[in-house]
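Below, each chain spelled out in residue letters.
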Amino acid sequence: MSIVTVAISSILVAASAWKNEDFGEAAVFLQLGSKLQLDVITKSNKCTGNLMSGVYMDVKDNDKKILNVSSQYDVTITPPAPDSLYYEESVGTGWVVKPSDVKGVSYDCKIEDINFNVANKPDPPDSLVTAWVFNSKIADINFLNDCISGAKDSESCGVAASWAVEHQAIFKDEKLFVVGFGDGGSDFGNVWVKISGLDGP
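My aim in this report is to walk through the structure given alongside it, one point at a time.

About the thresholds
- Residues numbered from 1 in each chain as written.
- Predicted model: local features only at pLDDT ≥ 70, side-chain atom pairs only at ≥ 80, totals over all residues.
- Heavy atoms only, no water.
- Helix = DSSP H or I, 4+ residues; strand = E, 2+ residues; numbered from the N terminus.
- Expected span 1.5 Å × (residues − 1).
- Buried < 20%, exposed > 50% of the residue type's maximum accessible area, 1.4 Å probe, protein only.
- Arc of directions from axis to C-beta.
- Contact = heavy atoms within 4.5 Å.
- Salt bridge = Lys/Arg side-chain N within 4 Å of Asp/Glu carboxyl O.
- Phe/Tyr/Trp six-rings, centres within 6.5 Å; stacked < 30°, edge-to-face > 60°.
- Lys NZ or Arg CZ within 6 Å of the ring centre and 35° of its normal.

1. Details of helix α4 (residues 160–171)
So, step 1. Over its 12 residues, α4 runs 15 Å from end to end, which matches the ideal 16 Å to within 8%, given 1.5 Å per residue.
So, step 2. Buried residues of α4: Ala160, Trp163, Ala164, His167 and Phe171, and no others. For α4, the buried positions fall inside an angular range of 95° around the axis, keeping them on one side. Exposed positions of α4 whose direction lies more than 90 degrees from the buried face are Val165 and Ala169.
So, step 3. Looking at the buried positions of α4, the neighbouring elements they touch are β5 (54–58), α2 (142–149), α3 (154–157), β11 (176–181) and β12 (190–196).
So, step 4. After α4 finishes, the residue Lys172 shows a positive phi value of roughly 50°.

See below:
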């Protein structure tokens, strides 16, 4: 098995390929120092529009967002409709991150240069953001574990710690789609966790 070493944010990352029954083909595995390990999905396996699309829990903002990815990887992000059981007043109404607001989706499922500074969106970040989509267990998400342990402060975490503890017991070893926001591919500043498909629970 070959190992390729690359630099990501000044950290050496060992990337290995192996046969995985869940994917049915080679998957890529990243290990960042002593960090927990995440399965990286690609357009050859689970990085597909129908699997990525759904209702996501934003564990920092404590609300839900709708991520819709087409078969051609056009990305749209919206709040749930006000009459949806997923709607929270804090998420706002009437805003849309359109495909033209997103640079694109890379082969290894990185959603690049997302512009959340769109009309009607509450508290958008003041710069473009990058997101990585993974398929991982809650227990393997460093951001959530750092919030649970207190390594990150409550302002950085929002409701991440309490949400993770509650839902780790529900989902256990189930792998969920996770959107991690950050440039390093592992050391995230926020995560969204898929809790439902577009057609509801």
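2. Points about α2
So, step 1. Within α2, burial applies to Asn142, Phe143, Leu144 and Cys147.
So, step 2. On its buried side, α2 packs onto α3, α4 and β12.
So, step 3. Gly150 occupies a position one or two residues after α2 and carries a positive phi of about 90°.

3. Overview of the pattern of salt bridges
So, step 1. Evaluation of the coordinates by the stated rule reveals 5 salt bridges.
So, step 2. Between Asp63 and Lys65 there is a salt bridge whose closest N-O contact spans 2.7 Å.
So, step 3. A relative accessible area of 3% means that Asp63 is categorised as buried.
So, step 4. On the basis of relative accessibility, which here comes to 2%, the residue Lys65 falls in the buried class.
So, step 5. Members of the salt-bridge network, linked through shared partners, are Asp58, Asp61, Asp63 and Lys65.

4. Some points on the packing of aromatic side chains
So, step 1. Taken as a whole, this structure holds 4 aromatic pairs when the rule is applied.
So, step 2. Plain terms: the ring middles of Phe116 and Trp192 are 6.1 Å apart, the flat faces sit at 65° to each other, and that makes the pair edge-to-face. Of the two residues, Phe116 is situated in the loop between β9 (110–114) and β10 (129–136) and Trp192 in strand β12; the sequence distance between them amounts to 76 residues.
So, step 3. Residue Phe116 is classed as buried on the basis of its relative accessible area, which comes to 5%.
So, step 4. With relative accessibility at 4%, the residue Trp192 sits in the buried group.
So, step 5. One aromatic cluster is present, formed by Phe116, Phe181 and Trp192 through successive ring pairs.
So, step 6. A cation over an aromatic ring shows up here: Lys43 above the ring of Tyr73, its NZ or CZ 4.2 Å from the ring centre.
So, step 7. Sitting above the plane of the Trp95 ring, Lys121 keeps its charged end 5.1 Å from the centroid.

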